Every structure is written in C-alpha cells, then in structure tokens.
Amino acid sequence: MRNLLFLAALAAVGRAETFQVATSTYYHTFSHTNPVLKRIKPGDVVSTKSLDSGGQDDKDVHASVSGNPLTGPFYIEGAETGDAILVQFRKVRMNRDWGYSSIRLGLYALTPEYVEHLFSGNFKPDVVRKGSSTLVRWELDREHNRVRLREPASEHIKLDFPANPMLGCVGVAAPGDFSPTSGPAGSYGGNLDYNGVVEGATVILPVYHPGALLYVGDGHALMGDGEPTGNGIETSMDVEFSVQIKKNAKLTGPRLETADYLISLGAQPEFASSLDRALQMATTDMAHWLIDDYKLEPWAAHVLIAFQGKYEVVTVAGTMALKIPKSALRTR
C-alpha cells in the first residue's frame, strides 16, 4: 500500500504546473461569493503579486482602494468542507524600494495616563498619501535586505533594521455566508498580521467551502510582535506558493509550521475579546494537534506545552500564538 501511495504522490507531482497569475481586480472580503481568480491543483506553483494595504502596486500605481486589498481567490481542486489546506510560501519578497508606517503607538497599546500626555501622530502632510499626515516613508534596500527610516531622523539611534518580509493577510472563504472584511482575523485566517508568515513557512487553514478559496495580501517589509502602531512597514510583495490538502482535518483555526516550530494561532478580531481568550484558543488547538497528529498521551501533550511552549502576542487585543519546538518532539 505504501508503494502505491508513493507512486500516486509521484504522479501528482509530475502533473503539477507553474502559473504566473496577474489580476486587475482585488477584493476586500474573505467571501465565497467573489469570482475565482485561478483554479489550481495540489502541488501547482503559483507566482503572483500583492498590493500594499493602501492599494498601491510595485510600480506605485493605485490599483485598488485602500484597506488590505486581497489577491485571489484561488480555488484548490479537491479541497472540500472539513479538509485543511497547507499553503507553503516559497517566496515572500519585497518588490519595490519603499514602504510606509505610522510613528506613534496605538492608544490601545498604552496606559490611559500615558495617553493623556502623548505626542501628536502627525508628521507631514502628503508624504505617503495625499490627505494623510500620519504616515512616514521607509527606504527598502532589497539588495541588502534592510529597511531605513531617514525622516524624521533620531538624534540618538539609527532606525535601520534587517527586513523580515511577511504577509499580513492569508485566509480562505469564511464559514457559511459570513463575508468578513480584510481587517479582522478569525478561524478562516484573514488579517492574521503574524510576523511568522514568511518565506518558507506553511500556513494551515480549515476549509469551509469547496475549493477553499484562498486569498493573500497585506505585505509588510518588517513588523514587530503585536503590531502596536496598527501597521507594519506596508509594501507590495512578490509571492510564490503551492498548496496541499489534508483530508478530514477538522481544524478549528489557523496553524503554521516552519522548519523548527509547530505554531497554533488563537485568531480572533481585535477588541472582540481579551488576549486571555486568544491564549486559551491557541493552547487548546496545540493540545489537539499534539494528541491527534503526533499521538501524544494527553498528559504528555500538556506537560510538553507547559515546559516547552512559547507564547507570542500577534496583535494587540487580538491574536496569540503558541510555538512548540520540533526538537522537543523527538521519539524515544
């Protein structure tokens, strides 16, 4: 039987194709009603582009209205309700020489007494977008993979950091007739804003509709944990991915897998509930993952989480991540 499965897998790989997918239509909802951009098979490789959160492309053209425009949806042949799709990001790379962000922390990230004495969030009008004075422009050095803020300039530190290109939005069509915007996160993925969604990562998502209907967008050249300014360094991206299907996975929310970690995400819209709830969601999902897929005894899964787990704040007042190092899963 194993030989037959191996031969079938080889045949599927042999049928895989590579597609360059461009679009002039972008969506702002994770909806099953949006027309399909491209139908792909498991193993196919898709190369495409995303706009920045304000709707600009790699040529600085405003190709869409702002608000995290999404590239997609991609219909994955054979994906059915109750399955999961595994989206392997083969490439997530900056494709222009600038990005933008705010320079003031969001009020939701600060204590009330500090907010009362906060500096103005205004910098200069029209630096990034006509009519806006709260955004600053970052230089993106693709050759050396760095980001630099030249204006305003600090007298004390150099705001020059290694880039970490990532995608804020990765999701499938939400369950039922729910059509959430590209602003929040949820069980379907959505605007996860997790800085672990980088080149080489695999995002695992539950399937709620035939074909899953995958969307990507909202690239960031760099973003710290929590997204406390309300944005990363927003920019457009070159994106390349392939998809596999796990049948009858019965996931309840998004997961990630990297070379070193299993990661459960307690994904929820910001301000919908506390981070305590997001932590509980991530922890419960990790327990199921370790017990169901890795066949750990329930008590062993609990102990592993307790003594090897690492929590990360993904978005302030929103999502939490729980990471387990794969090195801790070595068999006896």
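The text that follows walks through the structure, step by step, so that each part is easy to find.

Cut-offs used in this document
Along each chain, residue indices are assigned from 1 in the same order as the chain's sequence is written. Given that this is a predicted model, residues contribute local features only at a pLDDT of at least 70 and side-chain atom pairs are listed and counted only at 80 or more, while totals for whole chains, interfaces and linings are drawn from all residues. Side-chain numbers come from the whole structure's heavy atoms, not from hydrogens or water. Only DSSP runs of H or I with at least four residues qualify as helices, and only runs of E with at least two residues qualify as strands; both kinds are numbered from the N terminus onward. Expected helix span is taken as 1.5 Å per residue step, with the number of steps being one fewer than the number of residues. Think of it in three bands: with a 1.4 Å probe and only protein chains considered, a residue is buried below 20% of the maximum accessible area for its type, exposed above 50%, and partly exposed in between. DSSP-based pairing: two strands are paired if at least 2 bridges between them are found. Interaxial angles span 0 to 180 degrees and are taken between N-to-C directions of axes, which are lines fitted to C-alpha atoms, for helices over the stretch in contact. Should any heavy atoms of two residues lie within 4.5 Å, those residues are considered in contact. Should an angle fall under 35 degrees it is taken as roughly parallel, and over 145 as roughly antiparallel, whereas 65 to 115 is taken as roughly perpendicular and any remaining angle as oblique. Whether a crossing is left-handed or right-handed is set by the direction in which the near helix is turned from the far one by less than a right angle, anticlockwise for left-handed and clockwise for right-handed. Each residue gets one of three labels, nonpolar for Ala, Val, Leu, Ile, Met, Phe, Trp, Tyr, Cys and Pro, charged for Asp, Glu, Lys and Arg, and polar for the others, Gly among them.

## Some thoughts on helix α3 (residues 275–292)
The terminal C-alpha atoms of α3, which comprises 18 residues, lie 25 Å apart, in line with the 26 Å expected from a rise of 1.5 Å per residue. Among the residues of α3, those classed as buried are A278, A282, T283, D285, M286, A287, W289 and L290.

## Brief notes about the sheet that holds strand β16 (residues 255–257)
The mixed open sheet is built from nine strands, whose spatial order is β1-β3-β15-β5-β13-β16-β17-β19-β18. Across the chains shown, the open sheet's two edge strands, defined by having one partner strand only, are β1 (18–20) and β18 (310–313). On average, each strand axis in the sheet is tilted by 25° relative to the strand beside it, whichever way the strands run. Packed onto the sheet, α3 meets β13 (202–206), β16, β17 (261–266), β18 and β19 (320–325) and runs at close to 135° relative to β17. Across the sheet, helix α4 (residues 298–308) is in contact with β18 and β19; its angle to β19 comes to roughly 100°.

## Considerations on the pairing of strand β10 (residues 166–172)
Along β10, seven of the seven residues are buried, which leaves the element largely enclosed by surrounding structure. As judged from the six bridges shared by β10 and strand β14 (residues 214–220), these two strands associate in the antiparallel manner. Paired with L167 across the two strands is G219, which belongs to β14. Pairing geometry for β10 and strand β12 (residues 189–191), over three bridges, is antiparallel. The residue of β12 that forms the bridge with C169 is N191.

## Considerations on the packing of α3 against α4
At a minimum axis distance of 9 Å, the contact between α3 and α4 shows a crossing angle of 130°. Classed by the angle they form, the pair α3 and α4 counts as oblique. Viewed along their axes, α3 and α4 form a crossing whose handedness is right-handed. Of the residues in α4, those touching α3 at T283, M286, A287, L290 and I291 are P298, A301, L304 and I305. Taken together, the residues of the contact of α3 with α4 break down into eight nonpolar, one polar and no charged.

Without other data, these values stay purely geometric and don't point to any function.
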